[in-house]
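Descriptive structure summary
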Amino acid sequence: MKTLADVKKVAIIGGGMMGHGTAQVFAVAGYDVHLMSRKQETLAKAMATIRHDLGFLAERGVGKVEDIEPAIARITTTQSYDEALDGAQFVLECAVEDMALKQELFAMMDEKSDPDTVLATNTSVMSITEIASTSKGRHRIIGTHWWNPPYLIPLVEVVRTEDIADWVVTLTMDLMRAVGKHPVDVKKDVPGFVANRLQHALWREAISIVERGIADPATVDEALKFGPGIRLPILAPLENSDMVGTPLTYSIHSYVLKYLEDSHEPSPLLKQMIDNNELGFKTQKGFYDWTPESMQATRDRLLDYLARVAAQEAKK
């Protein structure tokens, strides 16, 4: 059994968006990182992106320019699973969302790695139990769902399975805190975990309101941004329920819940939009009309906002 003090080397399997983003987080926190991808061009792009992202953060008061190169120096790239896994105490898989591939990867990593190495998957939707099902060491396979971009979003959902060992949960939670993340303990392995279930319940209602002609997309988004969205970071739903009182929550739900969207299938409006090639940014038309300039402005606005929040947290 390992503890946080035993973790010196972290292996990241997969060099894509989440792979290089999580590698950056561990390296900044002082860990020796081996970033593995089968394609050299993926690794080269990953390292260039990490350098860019560290510069972006430093410009906005998150980290220092003089710390960029030391952090990058702690990342070793490799195309070899054996090299990545050798001596690693914590492994994070960030491969594509393909169940057969993940099962194959974890069975291989279970066989090749030290028996006390924690094996984590960054899947956002797939069952951790099913991913681990073809491996012998299921007690050490755990879910760690990071959110994109991983170097800016604090949340990491640590997802248990029925087979998980308690020490694996403790080490994983401690490690996430050590690298500056905000881990939450998800006690049951269910589709969507916690945050995606909450997020898509909101999305389902938002889409339904547009589909039913209650309000247009801009009104739906504005109602959230300028109303409940403002207080959510400070006063979340269950805190709010306690503040107003559970009797009032019960009374409101007794009246309104029967009117809310409760479909178990995607909205027909989404299917209609897909059939009409209204695919969002990809085709510059979705719920809104987009130009290259407005798409970039939206991306920039999001990253600038998240960076400001991160800078404020760093000062606390």
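Report follows, based on the coordinates. These figures come from a predicted structure and were not determined experimentally. (Residues numbered from 1 in each chain as written. Predicted model: local features only at pLDDT ≥ 70, side-chain atom pairs only at ≥ 80, totals over all residues. Heavy atoms only, no water.)

Attention now goes to the nonpolar core. Within the largest apolar cluster, 51 residues are counted, with the highest numbers of intra-cluster contacts made by Ile12, Phe26, Phe90 and Trp146. If near-sequence neighbours (up to four positions away) are discounted, Trp146 is found in contact with Met18, Thr22, Val25, Phe26, Leu92, Asn122, Leu155, Val156, Met176, Val179 and Lys181. Counting residues in hydrophobic clusters, the runner-up holds 17 residues, among them Ala11, Leu85, Phe106 and Ile141. (Core = buried A, V, L, I, M, F, W, Y, C linked by side-chain atoms within 4.5 Å. Buried < 20%, exposed > 50% of the residue type's maximum accessible area, 1.4 Å probe, protein only. Contact = heavy atoms within 4.5 Å.)

This part covers the packing of helix α1 (residues 17-28) against helix α2 (residues 40-59). Remark: α1 packs on α2, axes separated minimally by 10 Å, with the N-to-C direction vectors making an angle of 60 degrees. In terms of orientation, α1 and α2 fall into the oblique class. The two elements α1 and α2 cross, and the hand of that crossing is right-handed. Listed contacts from α2 to His20, Gln24 and Val28 of α1 are Ala46, Thr49, Ile50, Asp53, Leu54 and Leu57. Of the residues in the contact of α1 with α2, the class split is five nonpolar, three polar and one charged. (Axes fitted to C-alpha atoms, helices over the stretch in contact; angles between N-to-C directions. Helix = DSSP H or I, 4+ residues; strand = E, 2+ residues; numbered from the N terminus. Parallel < 35°, antiparallel > 145°, perpendicular 65-115°, else oblique. Left-handed = near helix turned anticlockwise from the far one by under 90°. Nonpolar A, V, L, I, M, F, W, Y, C, P; charged D, E, K, R; others polar.)

Read across the sheet, eight strands follow the order β3-β2-β1-β4-β5-β6-β7-β8 without closing on themselves; strand pairing throughout is mixed. The sheet is open, and its two borders are formed by β3 (75-78) and β8 (182-186), each paired with just one other strand. On average, each strand axis in the sheet is tilted by 25 degrees relative to the strand beside it, whichever way the strands run. When strand β7 (residues 155-159) meets β8, the two strands line up parallel, connected through five bridges. Bridge pairing in β8 links Val159 to Val186. Each of β1 (9-13), β2 (32-36), β3, β4 (90-93) and β6 (141-146) is contacted by α1, which is oriented at about 170 degrees to β2, the strand it contacts most. (Pairing = 2+ DSSP bridges.)

We now examine the packing of helix α8 (residues 195-211) against helix α9 (residues 217-225). Relative to each other, α8 and α9 sit at 140 degrees, their axes nearing to 9 Å. Comparing their axes, α9 and α8 come out oblique. Relative to α9, the crossing made by α8 is right-handed. Judged by residue contacts, Leu202, Ala206, Ile209 and Val210 of α8 engage Pro217, Val220 and Leu224 from α9. Taken together, the residues of the contact of α8 with α9 sort by class into seven nonpolar, no polar and no charged.

Attention now moves to α2. With 20 residues, α2 should cover 28 Å at 1.5 Å per step; its first-to-last C-alpha distance of 29 Å lies within 8% of that length. Within the span of α2, buried status applies to Leu43, Ala46, Met47, Ile50, Asp53, Leu54, Gly55, Phe56, Leu57 and Ala58. Elements in contact with the buried residues of α2: α1, β2, α3 (68-73), β3 and α14 (292-315). (Expected span 1.5 Å × (residues − 1).)

The analysis is restricted to geometry; functional conclusions fall outside its scope.
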